[in-house]
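Descriptive analysis of the structure
Residue-level listing of the chains:
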Amino acid sequence: ATDKMFSSVTYYLQEKYIKDIVELKRILLDGGAKKEFYLSSLVQYVICDDANVARRLEEEVKEANPDAVIVKSDWIMLSSKCGAILPHDLFTYADEKLFSGLNFCPSGLSHADCAKLWTLVQYNGGGWQKKLDSTVTHLVTCNSLGTRYQCATEHGVSVVTPDWILDSDVQATRLSESYYHPSLLGQNEQVEVVISTEVLNGPGNHSKFTMLEPEVTAQYKNDMEVQERGLSSASNGETAVASNSLVEPKNRVVTSNILQGIVFHMVDYSQCVGEETTEKWKRVIRSHGGSIVDDYDPTVCTHLLAQRTSGKICEKALADGKCVSSAYWLNSVLTTGVMCAPSNPLHFPTACANKVDNPHNCSITLTNYLGIERRLVKDMIKSTGLPYTGFLSKQTTHLICKCVGGKKYEKAQEWGLKIVNSKFICDIIFTGQIPDLSTERHYVLNKEDEFILTHPMAIHMLEPWKLYLHKYFSQPHSVEGAPQKRYRNSDNEENDSTKKARIGSSEAVAIEEKHDGGLDAQGTALKPSVFKCPRIVFTGVSGAMMTKMKEIINRLEGVEVDAKDCTHLVSSKLTRTIKFLCAISVAKHMVTTSWIEKSGEAGYFVDETGYELRDQYTEHTYGFNIMSSLKQAQNKKLLQVFYVCMRLVTWICC
């Protein structure tokens, strides 16, 4: 490499995802490149050799420096060999490139042919390597024999001739690999790789054999990819999503009457998004079966859409027992196609008028959140109006952190910054003030239920939703996934006429009856009718999956409760959490998330048989059987024969 040729490069390394990290570090050091130990506005290049990791990092990188790019280590390696810095555009992970996400390995090709093919593959965003390993997606060869061919066939690697690369480039789309298998070549026939300067510009077809009805293969997409559409552009019945809202997966077909029976009044939004936008929102609401009134009338209005809780109308609606939410809630309902209560802080109006008073010049960033959770926390921060940056610096005052670990976390500890969880931002949204951080509530990391709504204001605003959702699901709706049956328990069998009468009677729900002391996840006393449906507690379930699970149990009229009152523990694996250890002594069933998903498909809570939580490795390691432990706990309580004395008095005889 030319001496100090990389002196103008400032980089950040994803060391776990570099093919030859030792050699790369040597080249960068010898070339005079400047290394940053965490993402900041100084970083120009993020070097990573894993396409999936690069996609997950993309948003965080753009937050730190909008001009920064994620490149493969080949950019440095080949620039070093050429003695000059090559254009980095050929080594990025741009989604629109033809071979993005593909990794090619040659077999039995000449050095000259490999060089020509490498040019095309690299130009179109693909990877090229000589070693056949698990990262290879395509083996390029003219022979249907040999060790590499057999290995690729056994492991599901696509085997193609060089013509597949040439023709796909010429036609600007990935063609079907099945028509380019080397077995279709005649015996001893060789394919000469012919690439002129015209190939990179498009014209010319250098195929050596005729194709049979070419098919266009599906583009490779990341499973975590989500679609973002704005309410401002929705009309004529189009699914609506708030333009500044949380992006959620588009995984359901939204029916036209999901808002049937709801009468909205909207406040605050005309000032912040404009009259034209709110008029479009109103058309979307009507197209999905809802109604909207211009003036708040407690005898007509059922729901209030508000941006702030400080307004008089919002205060009046809460006093009247109306369902109050923000446009984010409407976004979630119309995006997922599931009617549910607000489930995260952004679903509620905020107490912040415009922005929070910031006398101590708070500056916030976040770390260790991914996907939807990251977008949620970032939007929560921005809704408060507090300064937010995508990078950590000594001017940062608070680091919102999901779990222990990472470069940002380590630097924040070194610099003495405040490391808090998302409850810190949640409390600002509900109070409009920056918490004093005097309790452990804001410092506990690695919490599975971090996004569970526990703030008193949220619990207060959720009360009217319980009655509303009971009425909503007891009425006929053609919404996809609406429950058609109730959960059936052998201990609580009812005939159909009794059940319909109970479900249809709103008075029965409104009357306060004596309960047995059970509490839901927010600490609210449960009514007797709740004890006839599954009482569920989650543990070991990720944030994105948790949101999906909650939507299903809300739709099926289940209830999430504290571990000591549960009938069902739902988990993805056996894990020694506090919830698990509490639930094992009281729960009747321990099931996987598949039970919830299957129930959602059926429209009612299905039988638990076949969905039991089992983990042979963990059970063997700790020497127990989970099914036996459950039965034993139900037959005899652990401390059943013990008595606890709160005070012991000792008599001393003289």
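Predicted, not measured: the structure shown is a model, and the values here were computed from it.

**Let's talk about helix 11 (residues 371-384)**
The terminal C-alpha atoms of helix 11 lie 21 Å apart, and with 14 residues this matches the ideal 20 Å at 1.5 Å per residue to within 8%. All of the buried residues along helix 11 are E373, R374, L376, V377, K378, D379, M380, I381 and T384.

**With respect to helix 9 (residues 312-319)**
Each α-helix turn comprises 3.6 residues. Residues three or four places apart therefore point the same way. All of the buried residues in helix 9 are C314, A317 and L318. Buried residues in helix 9, looked at end-on, bunch into an arc of 100°, giving them a common side. Exposed positions of helix 9 whose direction lies more than 90 degrees from the buried face are K312 and A319. Against strand 11 (303-305), strand 12 (323-325) and helix 14 (456-474) lie the buried residues of helix 9. Once helix 9 finishes, G321 follows within two positions and takes phi at roughly 75°, a positive value.

**What about the packing of helix 11 against helix 13 (residues 423-431)?**
Packing of helix 11 against helix 13 leaves a shortest axis separation of 10 Å and a crossing angle of 40°. The orientation of helix 11 with respect to helix 13, classified from their angle, is oblique. In this structure, helix 11 crosses over helix 13, and the sense of that crossing is left-handed. Here helix 11 contributes M380, I381, S383 and T384 to the contact with helix 13, which in turn contributes I425, C426, I428 and I429. Here the contact of helix 11 with helix 13 is composed, by residue class, of six nonpolar, two polar and no charged.

**Considering the environment of D297**
Summarising the element assignment, D297 is placed in the loop between strand 10 (291-293) and strand 11. Relative accessible area serves as the criterion here: at 30%, D297 is assigned to the partly exposed category. In the structure, D297 is positioned 32 residues away from H265 in sequence and 8.6 Å away in space, judged by C-alpha atoms. At 2.7 Å, the side chain of D297 forms a polar contact with the side chain of T299.

**A closer look at the pattern of salt bridges**
Applying the stated criterion across every chain, the model contains 18 salt bridges. Put simply, D268 and R308 hold a salt bridge, and the shortest N to O gap is 3.5 Å. Residue D268 is found in the loop between strand 9 (263-266) and helix 7 (269-273), and its partner R308 is found in the loop between strand 11 and helix 9; the two are separated by 40 residues along the sequence. With a shortest N-O distance of 3.9 Å, K598 and E601 are connected by a salt bridge. Here K598 and its partner E601 are both found in helix 19 (residues 593-602), three residues apart, which amounts to about one turn of the helix.

**Considering the side chain of T365**
Looking at the secondary structure, you find T365 in strand 13 (residues 364-367). Reaching out from T365, the side chain makes a polar contact with the backbone oxygen of T389 at a distance of 2.8 Å. Apart from the residues within four sequence positions on either side, T365 is in contact with Y388, T389, G390, F391, L392, T396, H398, L399, I400 and K408.

**A few points about the sheet that holds strand 7 (residues 138-141)**
Note: strands within a sheet are paired through backbone hydrogen bonds, in either parallel or antiparallel orientation. Pairing is parallel in the open sheet, where four strands are placed in the order 6-5-7-8. Only two strands of the sheet have a single neighbouring strand rather than two, namely strand 6 (127-128) and strand 8 (158-160). Inspection of the sheet shows strand 5 (residues 103-107) paired to strand 6 by two bridges, in the parallel sense. Following the sheet pairing, F104 is matched in strand 6 by W128.

**Section: the sheet that holds strand 1 (residues 10-13)**
Strand order in the open sheet made by the four strands is 2-1-3-4, with parallel pairing throughout. Two strands bound the open sheet, and with one partner strand each, they are strand 2 (34-35) and strand 4 (69-71). Across three bridges, strand 3 (residues 45-47) lies against strand 4 in parallel orientation. When the sheet's bridge partners are listed, I47 is paired in strand 4 with V71. Along the sheet, helix 1 (residues 21-30) contacts strand 1, strand 2 and strand 3; its crossing angle with strand 1, the most-contacted strand, is approximately 165°. Its contacts with the sheet put helix 2 (residues 51-64) on strand 3 and strand 4, and the angle it makes with strand 4 is roughly 155°.

**Things to note about the confidence of the model for the protein chain**
For the protein chain, per-residue confidence averages 75 on the pLDDT scale, and residues scoring 70 or more make up 75% of the total. Per-element averaging of pLDDT across the protein chain places helix 16 (residues 506-510) at the bottom with 30 and strand 7 at the top with 94. Here residues 194-255 scores under 50 on pLDDT; set against residues more than four positions off or in separate chains, the count is 137 contacts. Low pLDDT, under 50, characterises residues 478-531; the stretch is placed with 88 contacts to residues that sit more than four places away or in other chains.

**Side note on the packing of aromatic side chains**
The final tally for this structure, using the stated rule, is 12 aromatic pairs. Pairing F99 with F104 gives two aromatic rings, centres 5.4 Å apart and planes at 70°, and the pair type is edge-to-face. On the basis of relative accessible area, F99 is assigned to the buried category, the value being 0%. Site record: aromatic cluster; members linked through ring pairs are F264, W329, W465, Y468 and Y472.

**Observations regarding unusual backbone geometry**
In this structure, A172 is a non-glycine residue whose phi angle is positive, near 55°. Along the chain, A172 falls in the loop between helix 6 (162-171) and strand 9. Notably, D268 is not glycine yet its phi reads approximately 80°, a positive angle.

What counts and how
Residues numbered from 1 in each chain as written. Predicted model: local features only at pLDDT ≥ 70, side-chain atom pairs only at ≥ 80, totals over all residues. Heavy atoms only, no water. Helix = DSSP H or I, 4+ residues; strand = E, 2+ residues; numbered from the N terminus. Expected span 1.5 Å × (residues − 1). Buried < 20%, exposed > 50% of the residue type's maximum accessible area, 1.4 Å probe, protein only. Arc of directions from axis to C-beta. Contact = heavy atoms within 4.5 Å. Axes fitted to C-alpha atoms, helices over the stretch in contact; angles between N-to-C directions. Parallel < 35°, antiparallel > 145°, perpendicular 65-115°, else oblique. Left-handed = near helix turned anticlockwise from the far one by under 90°. Nonpolar A, V, L, I, M, F, W, Y, C, P; charged D, E, K, R; others polar. Polar contact = N/O pair within 3.5 Å; in protein donor to acceptor, adjacent residues only side chain to side chain. Salt bridge = Lys/Arg side-chain N within 4 Å of Asp/Glu carboxyl O. Pairing = 2+ DSSP bridges. pLDDT = per-residue confidence, 0-100. Phe/Tyr/Trp six-rings, centres within 6.5 Å; stacked < 30°, edge-to-face > 60°.

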